[in-house]
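# Survey of secondary and tertiary structure
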Amino acid sequence: MYVHQVTWNPDRRERSPVRVNPVLRHDRERALSLDGTWLFRLDPDERGRAQGWFKRPGALRDRIEVPGCWQGQGFGGDGADTPWDFRLPARVFLATYQGTAWYGSTFDVPEQWKGSRIWLNFGGVHPAAEVWLNGTRLGAHSGPFVPFAFAVTKHVRSGARNFLAVRVHEQNRWMGFAYDWAGHWSGLYRSVELTATGRSWIERLWIHPDVDGERLRCRVEIGGAGRRALFLFVAAGPLDGAPVAETTRRLTGPGPHRFSLPMPEPRLWSPDAPHLYRVDAAISDGREVEDACSERVGFVKLAAEGKHFLINGDPYYMRGSGDFLAHPETGSPDTDRDRWRRKLATLREYGYNYVRCQSYVPAPEYFDAADEVGLLVQSEMGMLGAWAGMDPWHGYAWPTPKPAFRDALKWQWNRTVMRDVNHPSAAIYCMSNELGQGTSFPDTAWQCSRDTKAIKPSACVIWTDGGFNPSLPGDFVNAEANVDDKTTLPVIQHEFRWWSSYPDVRTKRKYRGAVRPYAIETAEEAARLHGIHHLLPEMAEVSHRLQYVEARGKMEACRRDHPRLAGICHFNAMDIGYSPQGVLDEFYERKLVSGETWRRTNGDTVIMMDRGFDDRVLAAREVLRCGLSVSDFSHPPLASPKLEWRILAGKKQFASGLARYRHRPFCTCRAATIRVELPAVAEPVALTLRAALRDGRRVFHNEWSFWLFPKAEGALSGTSAAVYGSPRHSWLKSVRSIPRIPARRTGEGPLPRVVLAERLDVRLVDHCRGGGRVILAAPEHVLRPFPGKLGQDAAYFFLPPANYPPLEDGHSGTIIRDHPVLGGLPHDGFADLQFFRLIRSAPPVDLECLGLGKSEPVIRALSTYFVGLPLAYLVEAAVGDGGVILCALDLDQKLPEARYLLAAMVRHAASDALRPAAGLSDQALVRLVAAGEVA
């Protein structure tokens, strides 16, 4: 933990916020980019000031690229950093260093700028900076979200080289909030520019598209005008066309000037159609243009009406993703617009229409791409303390909003809203994360809300994401879905739900930028320690498949069970460092399923089924009863859809139906009830229920898996097997179809070839050595139990949420091998929901404690990748001429899948096919026998 320094003081010489690296440039703007290779030097001993490095280019001996961060370019050491939330040391960037460093650049001022006013503009610095030009200190800056400038007309040299020096240091790092989520980075992370204006300049151009009034409401602030007469020319039109409105206005003096441009029947900006307009502005003294700029805007109106979140008057189901600033290419906020266009277009392809930037504000280049692809962005600046003040999990991250911090936070809040005012995507502002029921600073919350709407009237503001208090400002509520009945505002489900898979070693080759594949390296280290490194590609694959099963099931259930919910913020669309919780990897590329498939769950219109995870296994001749619901937020909504469904076994269809129902758009409504008697089967069969919703040419699909098992009530009858002793703790208590034999001392009569037991004794060991077989319900002494995290049930089936500590706790999937012990039980190499009831409450076996760590179990359980323990649910091992089948599954015989699997195990044990490759050592047998004696 670092010390939060309260040393903020705004520099009066600073101009902020300013436009740097804009997506559009007016053809009369004058700008010189200083991006590229700069001089550089780390200063861990803080010698630079005293030794005058700001005067001596030769003192800066290294070379670095701007924009970027120095840790991502290899400056520092090979030590570890500590990513927040996980508290696990990692070498995140190419190098690790937290301290002071110096940047230097030499440049010439263009000859044609002679007589102009010249400005030095910085797009962004983190944590803080001091700036010198030609040996003169220009000023200092804190506030990493805010681009700033200094007037340098008096300090630049015409016709000679100029030396710019920037000291980047640790002061006020806390103002970056989640900028340091993955680790501590520093540097000039956005562009640096030199610009020139006349005696007057455009200080700020705010454009407020008025959807209802069909006009652009403009506010322009002119600097340096004095009492001179100036003329302002403004023209506006679509990006791909000629101006459709323009005006010339005579300005009398500096200050804000307000006016409107009529824009009849403007094309509206929305996630479905992100239309943008260009606005060009220039000021002149009647002879020469003194300054000019170009902006992009979009006509968009956000509102709440009843339980709906409206965009331009239409209800939208808000489908969000969290974003934690995991930029593996750069380490710091990425300013590559082309890369963001590709990434954010992928989010749209996967159905997302907004992004919550968790406790930070993305760079303007991010907003530029979001404007183009139609993605709303929630900026979160932590004005009310971000994660602090809640509990030990959160209080370590940032300072509480005590008076010493308040002015700095509020200054950065207002200037960041100003910075992004013209972006249609910059539409939602949040003051904190998970403050629960309230804050100690309600007046500050209301002030932030009022100030934000004064700067950007179209913005939505909420006081926290992950909390509800009707007395605090909020245009909507982002909280748990069950709050929906307690408020008249629209509710978006908060942070749903961090299902974290294994990191994928197959993507390691992609990490060629600033960030190391530190999660993959952690997994590799743990797997090597336990001898399972060779399984990592397969472990990633099955973990991703389980992640999809869990994510789609819970996302659809949340939408189905809360019919008036305004949306779900999925955490996350993309993987983030130590928590691979996305349907996309860290590079926003496909992990498992396509965008088309994920939109079945995360689209405008979704078909949902009402059977849960524990309700997917059926017995022959059972009646399948199933309800289908529809949530329709298409634009326009469906008119008179019909719902078709089919049940298939492989390619064979054995039931179908067609439902016409009373369709209700913009909510969840019941559409069909299925009632089908299932056929008799001799072996288990995987079934698929497919549904299609058709309305003219529009078609929406979804499908769900079921498994049909034979009734097999007496599957064990007639087998040469018996239950040994009187089971008290295991599923063996439910076995009724084979005889029970008393547990006796060794040598007291023969045993059947197959014995089912919940403890191993000497007699059973001798039985195995003589060729007998024991199916052993795994005793607790060899199990690896752990509690569910964050209230999670089914802790042994589903993925750990967010990989929070303790890092040893959690299940990450299964690998199932084809093996005769399973009979004909259908599987795709991992435990899908046909195993849910067998695993949900059953901890796995720790193979290492039995000396089986390097064996290949039939059903391998994956521990978290942080520890990589060899675990199993089903494993067989040799003992003499016989063997033991060790089973940690809950084979409760009330369940058809459990009856079938146990019968298959008994048949296999009774056959000559049981020939385990690995054997139980004498030491392991002693452990098992001792466990039985204690029990």
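Nothing here was measured: the structure is a model prediction, and the numbers come from that model.

Looking now at the overall build of the protein chain. On a plain count of helices and strands, the protein chain comes out with twelve helices and 50 strands. For the protein chain, whose C-alpha radius of gyration is 33 Å, the value lies close to the compact-globule estimate of 30 Å for 935 residues. Taking the principal axes of its C-alpha atoms as reference, the protein chain extends roughly 115 × 70 × 45 Å. A total of 935 residues make up the protein chain; the buried ones form 64% of that total.

All right, on to the nonpolar core then. Among the nonpolar cores identified, the biggest contains 210 residues, and Leu 347, Leu 756, Phe 797, Leu 891 and Leu 920 are the most heavily contacted of them. Counting residues per element, this core draws most heavily on helix α7 (residues 536-561), which supplies nine residues. Discounting chain neighbours no more than four positions away, the residues touching Phe 797 are Leu 546, His 811, Ala 831, Asp 832, Leu 833, Phe 835, Phe 836, Ile 839 and Arg 840. Listed in part, the 32 residues of the second largest apolar core include Phe 148, Phe 150, Val 156 and Val 168.

Inspection of every chain in the model, using the stated rule, returns 43 aromatic pairs. Taking 6.2 Å as the distance between ring centres and 85 degrees as the angle between the ring planes, the aromatic pair formed by Trp 38 and Tyr 103 counts as edge-to-face. Taken together, the residues Trp 38 in strand β3 (residues 36-42) and Tyr 103 in strand β5 (residues 101-107) connect sequence positions 65 residues apart. Classification of Tyr 103 by relative accessible area gives buried; the value is 0%.

So, on to the pattern of salt bridges. Applying the stated criterion to the full structure yields 65 salt bridges. Of the charged contacts, one joins Arg 25 and Glu 193 as a salt bridge, the two residues approaching to 2.5 Å between their closest N and O atoms. Here Arg 25, found in the loop between β1 (14-15) and β2 (30-33), pairs with Glu 193, found in strand β13 (residues 192-197); they are 168 residues apart in sequence, far enough to count as distant. Exposure remark for Arg 25: the relative accessible area of 34% places this residue in the partly exposed category.

Here the focus is unusual backbone geometry. Excluding glycine, a negative phi dihedral is what most residues carry, and trans is how most peptide bonds are arranged. Residue Pro 67 is bonded to the preceding Val 66 through a cis peptide linkage, with omega at 5 degrees. With an omega of 0 degrees, the peptide bond between His 126 and Pro 127 qualifies as cis. We note that Asn 172 has phi near 60 degrees; this positive angle belongs to a residue other than glycine. Mapped onto the secondary structure, Asn 172 falls in the loop between β11 (162-169) and β12 (187-188).

This next bit is on the sheet that holds strand β8 (residues 128-133). Read across the sheet, six strands follow the order β4-β3-β5-β11-β8-β9 without closing on themselves; strand pairing throughout is antiparallel. Two strands lie at the open edges of the sheet, namely β4 (62-66) and β9 (136-142), each paired on one side alone. Pairs of neighbouring strands in the sheet enclose a mean axial angle of 30 degrees, with direction left out of account. Summarising the sheet, β3 and β5 pair through four bridges and their orientation is antiparallel. Of the residues in β5, the one forming a bridge with Leu 39 is Gly 104.

Glancing now at α7. Given a rise of 1.5 Å per residue, 26 residues ought to cover 38 Å, and the 37 Å separating the end C-alpha atoms of α7 matches this to within 8%. Summarising burial for α7: 20 of the 26 residues are buried, a large majority.

With that out of the way, let us pick up the environment of Leu 624. Relative to the helices and strands, Leu 624 resides in strand β36 (residues 623-632). Note on Leu 624: relative accessible area 2%, which makes it buried. Expressed as a C-alpha distance, the spacing of Leu 624 and Asn 414, which sit 210 residues apart in the sequence, is 58 Å. Filtering out sequence-adjacent residues up to four positions away, Leu 624 remains in contact with Arg 611, Leu 618, Ile 647, Ile 674, Arg 675, Val 676, Leu 678 and Phe 706.

Turning next to the packing of α7 against helix α8 (residues 595-602). Contact geometry of α7 with α8 gives a least axis separation of 9 Å together with a crossing angle of 35 degrees. The residues of α8 that touch α7, namely those facing Tyr 548, Ala 551, Arg 552, Met 555, Glu 556 and Arg 559, are Thr 597, Trp 598, Arg 600, Thr 601 and Asn 602. Partitioned by chemical class, the residues of the contact of α7 with α8 number four nonpolar, three polar and four charged.

Moving on: the sheet that holds strand β24 (residues 318-323). Spatially, β29-β27-β26-β25-β24-β33-β32-β31 is the arrangement adopted by the eight strands of the open sheet, whose pairing is parallel. Two strands in the sheet have a free side with no partner beyond their single neighbour: β29 (460-462) and β31 (477-479). Sheet twist, expressed as the mean angle between neighbouring strand axes with direction ignored, is 25 degrees. Pairing between strand β32 (residues 491-497) and strand β33 (residues 567-571): four bridges, direction parallel. Residue pairing in the sheet places Arg 497 in a bridge with Phe 571 of β33.

Rules used in this analysis
Every residue gets a number counted from 1 within its own chain, in the order that chain's sequence is written. Local features in this predicted model are restricted to residues whose pLDDT is 70 or higher, and side-chain atom pairs enter the listing and the counts only when it is 80 or higher, whereas totals over whole chains, interfaces and linings include all residues. Only hydrogens and water are removed before side-chain values are computed, so all heavy atoms of the structure are retained for them. Only runs of H or I of at least four residues qualify as helices and only runs of E of at least two qualify as strands under DSSP, and these elements are numbered from the N terminus. This radius of gyration counts C-alpha atoms alone. The globule rule is 2.2 Å times how many residues there are, raised to the power 0.38. Here the term buried applies to any residue with accessible area under 20% of the maximum for its type, exposed to any over 50%, and partly exposed to those in between, with areas from a 1.4 Å probe on protein chains only. The term nonpolar core refers to a set of buried residues drawn from Ala, Val, Leu, Ile, Met, Phe, Trp, Tyr and Cys, joined through side-chain atoms within 4.5 Å. In this analysis, two residues are considered to be in contact whenever any of their non-hydrogen atoms come within 4.5 Å of each other. Between rings of Phe, Tyr and Trp, where Trp is taken as its six-membered ring, a pair exists when centres lie within 6.5 Å; planes separated by under 30 degrees are stacked, by over 60 edge-to-face, and by other angles tilted. A pair is scored as a salt bridge if a Lys or Arg side-chain nitrogen falls within 4 Å of a carboxyl oxygen belonging to Asp or Glu. A pair of strands is treated as paired once DSSP finds two or more bridges between them. Geometry is summarised by axes, namely lines fitted to C-alpha atoms with helices restricted to the contacting stretch, and by angles between N-to-C directions that run from 0 to 180 degrees. A helix is expected to span 1.5 Å for every residue after the first. Here the term charged refers only to Asp, Glu, Lys and Arg, the term nonpolar to Ala, Val, Leu, Ile, Met, Phe, Trp, Tyr, Cys and Pro, and the term polar to all other amino acids, Gly among them.

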